[in-house]
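Chain and residue survey
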Amino acid sequence: MNEKNNQDKSLPPGFIQHPAHFLALGFGSGYMPHMPGTAGTVVGVICYLPISGLGLLAYISLVFVLFILGVALCHKTATDLAVHDHGAIVWDEMVGYLVTMIAAPAGWAWIIAGFVLFRLFDIWKPWPINWSDRAVSGGIGIMLDDVFAAVYAMAILQISAYLLYSYS
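Residues numbered from 1 in each chain as written. Predicted model: local features only at pLDDT ≥ 70, side-chain atom pairs only at ≥ 80, totals over all residues. Heavy atoms only, no water.

**Notes on a nonpolar patch on the surface**
Convention followed: In this analysis, a patch consists of residues with relative accessible area above 30% that form no salt bridge, clustered at 9 Å for like charges and at 5 Å for the nonpolar side chains Val, Leu, Ile, Met, Phe, Trp and Tyr. For the accessible areas, the method is Shrake-Rupley and the probe is 1.4 Å, while residue cover comes only from the protein chains on display. Take a side-chain nitrogen of Lys or Arg and a carboxyl oxygen of Asp or Glu: if they are within 4 Å of each other, that pair is a salt bridge. Numbering of helices and strands starts at the N terminus; helices are DSSP runs of H or I of at least 4 residues and strands are runs of E of at least 2.
Side chains of Leu49, Trp108, Ile112, Val116 and Leu120 sit close together on the surface and give an oily, nonpolar patch of about 490 Å² of accessible area. Sort the elements by how many residues they give to the nonpolar patch and helix α5 (residues 108-124) lands first, with 4 residues. By the secondary structure assignment, Ile112 is in helix α5.

**Brief notes about the packing of helix α3 (residues 56-81) against helix α7 (residues 138-166)**
Selection rule: Every axis corresponds to a line fitted to the C-alpha atoms, with the helix fit spanning only the stretch in contact, and the corresponding angles, defined between N-to-C directions, vary from 0 to 180 degrees. Note on angle classes: values under 35 degrees are labelled roughly parallel, values over 145 roughly antiparallel, values of 65 to 115 roughly perpendicular, and the remainder oblique. Crossings are classed by handedness, with left-handed meaning an anticlockwise turn of the near helix from the far one by less than a right angle and right-handed meaning a clockwise turn. In this description, contact between two residues means that some pair of their heavy atoms is separated by no more than 4.5 Å.
Axis separation between α3 and α7 bottoms out at 7 Å; the angle between their running directions is 125°. Between α3 and α7, the angle falls in the class oblique. The interaxial crossing formed by α3 with α7 has right-handed handedness. The residues of α7 that touch α3, namely those facing Phe67, Gly70, Val71, Cys74, His75 and Ala78, are Gly138, Gly139, Ile140, Ile142, Met143 and Val147.

**What to know about the pattern of salt bridges**
Counted only if it meets this: Type-normalised accessible area, obtained with a 1.4 Å probe on protein chains alone, sets the label of each residue: buried when under 20%, exposed when over 50%, and partly exposed for intermediate values.
Tallied over the entire structure, the rule returns 4 salt bridges. When the shortest N-O distance is used, the salt bridge between Asp122 and Lys125 registers 3.3 Å. Neither Asp122 nor Lys125 differs from the other in exposure class; each is buried. Across the pair Asp145 and Lys125 runs a salt bridge, and its minimum N-O distance is 3.1 Å. Within this pair, whereas Asp145 is found in helix α7, its partner Lys125 is found in the loop between α5 and α6 (129-135), the two being separated by 20 residues in sequence. Across this residue pair, the class does not change: Asp145 and Lys125 are buried. Ionic contacts of the salt-bridge type, sharing partners, join the residues Arg119, Asp122, Lys125 and Asp145 into one network.

Below you can see the structure in the form of structure tokens.
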């Protein structure tokens, strides 16, 4: 029920110099000593800003490509660290945030709401997030629990937008 532990194993010196590790570690944000998943989600917000204006199909296509890339990146990095889901691996949080924001209304209030909702579900891990976190291994397992958390967050964001705009 808490954020990934970045202290479970230290990272080897120069580890981030490998391109796959650099990306999997969220351009270095995974090195944060406390709350690396939250730091990775902040990078997700930064990545969201320039792509938020894409059309829906282009946005979803890009996020899908980033998910597939993430499976490989996270698998490589976890294998090289010999830790299933090391706290420093935050590509999954970055992509999870982007999934949360699919078809989200424009504006900072929605960006912040998406951030908060995604972090809550990623940390809380209700079913099936907790199941996938335990049962699915490799890069797909690292990515999948964050996608499930993102789907919950996205659903609440979309319902909130619908209710707000339908009754105002």
